[in-house]
Structures are given as structure tokens and as C-alpha cells.
Amino acid sequence: QVQLVESGGGLVQPGGSLRLSCAASGSIFSIEPMDWYRQRPGEQRELVATTASDGSTNCADSVKGRCTISRDNAKKTVYLQMNSLKPEDTAVYYCHLLQHRFGSIYNYWGQGTQVTVSS
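Rules used in this analysis
- Residues numbered from 1 in each chain as written.
- Predicted model: local features only at pLDDT ≥ 70, side-chain atom pairs only at ≥ 80, totals over all residues.
- Heavy atoms only, no water.
- Disulfide = S-S within 2.5 Å.
- Helix = DSSP H or I, 4+ residues; strand = E, 2+ residues; numbered from the N terminus.
- Buried < 20%, exposed > 50% of the residue type's maximum accessible area, 1.4 Å probe, protein only.
- Pairing = 2+ DSSP bridges.
- Axes fitted to C-alpha atoms, helices over the stretch in contact; angles between N-to-C directions.
- Phe/Tyr/Trp six-rings, centres within 6.5 Å; stacked < 30°, edge-to-face > 60°.
- Lys NZ or Arg CZ within 6 Å of the ring centre and 35° of its normal.
- Salt bridge = Lys/Arg side-chain N within 4 Å of Asp/Glu carboxyl O.

Draft legend 1. How the structure looks around the state of the cysteines. Per the stated rule, a full pass over the model turns up two disulfides. In this model C22 forms its disulfide with C95; the gap between the sulfur atoms is 2.1 Å. Across the disulfide from C22 to C95, rotation about the S-S bond amounts to roughly -80°, and the bridge is consequently left-handed. Of this pair, C22 sits in strand β3 (residues 18–25) while C95 sits in strand β9 (residues 91–101), placing them 73 residues apart in sequence. Using a relative accessible area of 0% as the deciding quantity, one classes C95 as buried.

Have a look at this one:
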């Protein structure tokens, strides 16, 4: 069974930075995509950044230029660095893992970490 635990959220002033971490436990392959999503109050969850099976990474247009996603496979941890934070970045940030095992697809989510951008 896979578990994902996020950390690193908190209160930050506009223009500040945060690095979120997501530590996975259980059976994880380095090629399996791990992503970051966020959910603003009253809105649907949206994709923020992705790591693909080929090692490539991508950030959503809404955070491009301010976002870096990285992964340490030895530590089974994925990171999200967010810079120049804006109030509209306030959300609960979730880590996500997609697995294809034995002909089935498994989606795992962390519990979320709150990021609040406010002066």
C-alpha cells in the first residue's frame, strides 16, 4: 500500500517562496508519474506540475516561470518549489501518484498541505 505525506505548507507573504515536499512510502517505481495538484476554496482541484515517466517535468501555465517540480527517487520524494507567490496561489496542495500495476490503474493522494499567501 502506498502512502503520500506532504509537508512544507504555511503562511507566506506575496512575493515569497515555498518548497513543498511529498514523501512516498511503499512500492514506487521511479518511472511512475508523481504530480502536484491544488484546490482553491470553492473550486475544483487543478493540476499544478507533473513529472512524467521519461523524467520530463512541466508546470501549468498559471504557475509557469514560478514553479519547479523535482524528484529524488532514492528518497521517494517529489518537491514543488514555488516562487513569487501570489494571493491566488492560496490553496490546499496535494501530491498525486499514478500507478499501473497488474492491469489496473491506481491513484494515490496525500492528505494535502495548506498554502496561504497573504500579507
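Draft legend 2. Just the sheet that holds strand β8 (residues 77–82), in detail. As summarised here, the arrangement of the four strands in space is β1-β3-β8-β7, forming an open sheet in which the pairing is antiparallel. Whereas interior strands pair on both sides, the edge strands pair on one side only; in this sheet they are β1 (3–7) and β7 (67–72). Neighbour-to-neighbour, the strand axes of this sheet turn through a mean angle of 15°, independent of strand direction. Sheet topology places β7 next to β8; six bridges connect them, and they run antiparallel. What sits directly across from D72, in β8, is T77.

Draft legend 3. Seen up close, the packing of aromatic side chains. As enumerated under the stated definition, the model contains two aromatic pairs in all. Where Y106 meets Y108, the ring centres are 6.4 Å apart and the plane angle is 15°; that geometry is what we call stacked. A residue is classified by how much of its surface remains accessible, and Y106, at 34% relative accessible area, is partly exposed. Classification of Y108 as buried rests on a relative accessible area of 14%. Looking at R45, its charged tip hangs above the ring of Y94, at a distance of 3.7 Å from the centre.

Draft legend 4. The pairing of β3, seen in detail. As judged from the five bridges shared by β1 and β3, these two strands associate in the antiparallel manner. Note that in β3 the partner of E6 across the bridge is C22. As paired elements, β3 and β8 share six bridges and run antiparallel to each other. For L18, the partnering residue across the bridge sits in β8 and is M82.

Draft legend 5. Examining the pattern of salt bridges more closely. Taken as a whole, this structure holds seven salt bridges when the rule is applied. Here R38 ties to D89 by a salt bridge, and the two come within 2.9 Å at their closest N and O atoms. Of this pair, R38 sits in strand β4 (residues 34–39) while D89 sits in the loop between β8 and β9; the two residues are 51 residues apart in sequence, bridging distant segments of the chain. D89 gets classed as buried once you look at its relative accessible area, which sits at 1%. A salt bridge links R40 to E43; its shortest N-O distance comes to 3.2 Å. With a relative accessible area of 41%, E43 lands in the partly exposed category. One salt-bridge network, in which partners are shared between bridges, spans R38, R40, E43, E46, R66 and D89.

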